[in-house]
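One-letter residues, chain by chain:
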Amino acid sequence: MKLRNTLLGLTFLVSGTSNAVSINGSIEISGGFQPIDATSSPVGLDVATGIDFTTDGLVVGSAGDLTTLFGSTVTMTDFQFDPDLVPNPVTLWSVNTFSFSMDTVTINTNPRSTTNLSLSGSGTVSGAGFDPTDGNWEFTANTANGTTFSWSSSTVAVPIPAAVWLFGSGLLGLVGIARRRKS
């Protein structure tokens, strides 16, 4: 069973620590895929253990730091997700100087269905001039209303120590302003 006319949407809403140059923005990639088994043979979504990208992707939407990627061809990398992510990590996509490296995967669809598949996990987006930006992603595939899948990702929240440092710095600044006004 070969699946065509697919849509890959990858969204990055990023924030990082105070001294990082994080990647901000979103990207949507369209292309073809088919679910495969461990021997790379085409199978249904209910028994798939991997994803085979049958075409290069095309950036059909982008925003923020990724705006310049609109209309670019994207190299996609096939991967196995069950029982483990192989290869791990996998550079899932790359376009110009940006890439997304996926390092964890969880199957969310339970029980597995012939028409739906949902995966999630974590990974890192990288690009020239930016710090690697960690995030969480979600992949959904649906064959009930045509064969489509979407990919989305957002960064992990600012770590607690960095958040406390930022809050403390702001608080000290307000205390300093208040003392100046009293003088």
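Throughout this description, residue numbers start from 1 for each chain and increase along the sequence as written. The predicted nature of this model means local features are confined to residues of pLDDT at least 70 and side-chain atom pairs, given and counted, to a pLDDT of 80 or more, with totals for whole chains, interfaces and linings taken over all residues. Only hydrogens and water are set aside when side-chain values are computed; all heavy atoms of the structure are taken into account.

### A closer look at the pairing of strand β6 (residues 73–76)
We call a residue buried when its accessible area falls under 20% of the maximum for its residue type, exposed when it is over 50%, and partly exposed in between, using a 1.4 Å probe and counting protein chains only. Under the DSSP-based scheme used, a helix requires at least four consecutive residues in state H or I and a strand at least two consecutive residues in state E, with every element numbered from the N terminus. Judged by which residues are buried, β6 turns out to be one-sided: V74 and M76 face inward and are buried, whereas T73 and T75, on the alternate face, are not. Two strands make a pair as long as DSSP finds a minimum of two bridges between them. Taken together, the two bridges between strand β5 (residues 57–64) and β6 define a ladder with antiparallel strand orientation. When the sheet's bridge partners are listed, G57 is paired in β6 with V74. The sheet contact formed by β6 and strand β8 (residues 90–95) spans two bridges and is antiparallel. Across the sheet, M76 pairs through a bridge with W93, a residue of β8.

### Re the side chain of S113
Relative to the helices and strands, S113 is located in the loop between β9 (98–107) and β10 (116–126). Classification of S113 by relative accessible area gives buried; the value is 18%. Polar side-chain contacts of S113 include one of 2.9 Å to the backbone nitrogen of T115. Under this definition, polar contacts are N or O atom pairs within 3.5 Å; protein pairs additionally need one hydrogen-donor-capable and one acceptor-capable atom, and for neighbouring residues in sequence, both atoms have to be side-chain atoms.

### Overview of unusual backbone geometry
Glycine aside, residues mostly have negative phi, and peptide bonds are mostly found in the trans state. For the bond running from D82 to P83, omega is 10°, close enough to zero to count as cis. Residue position: P83 is located in the loop between β7 (79–80) and β8. With omega at -10°, the peptide bond leading from V86 into P87 counts as cis. Following the sequence through the fold, P87 ends up in the loop between β7 and β8. Of note, the phi angle at S40 is positive, near 70°, even though the residue is not glycine.

### A look at the pairing of strand β4 (residues 50–53)
Regular strands have side chains that alternate between both faces of the sheet. Residues G50 and D52 of β4 are buried on one face, and the alternating residues I51 and F53, pointing to the opposite face, are buried as well. In this sheet, β4 lies alongside strand β3 (residues 33–36) in antiparallel orientation, the contact comprising four bridges. Of the residues in β4, the one forming a bridge with F33 is F53.

### Concerning the nonpolar core
For the purposes of this section, nonpolar cores are sets of buried Ala, Val, Leu, Ile, Met, Phe, Trp, Tyr and Cys residues that join through side-chain atoms within 4.5 Å. In terms of nonpolar packing, the biggest core is built from 31 residues, with F79 and W93 touching the most fellow members. Those elements giving two or more residues to this core turn out to be β2 (25–31), β4, β6, β8, β9, β10 and β11 (133–142).

By themselves these figures say nothing about function.
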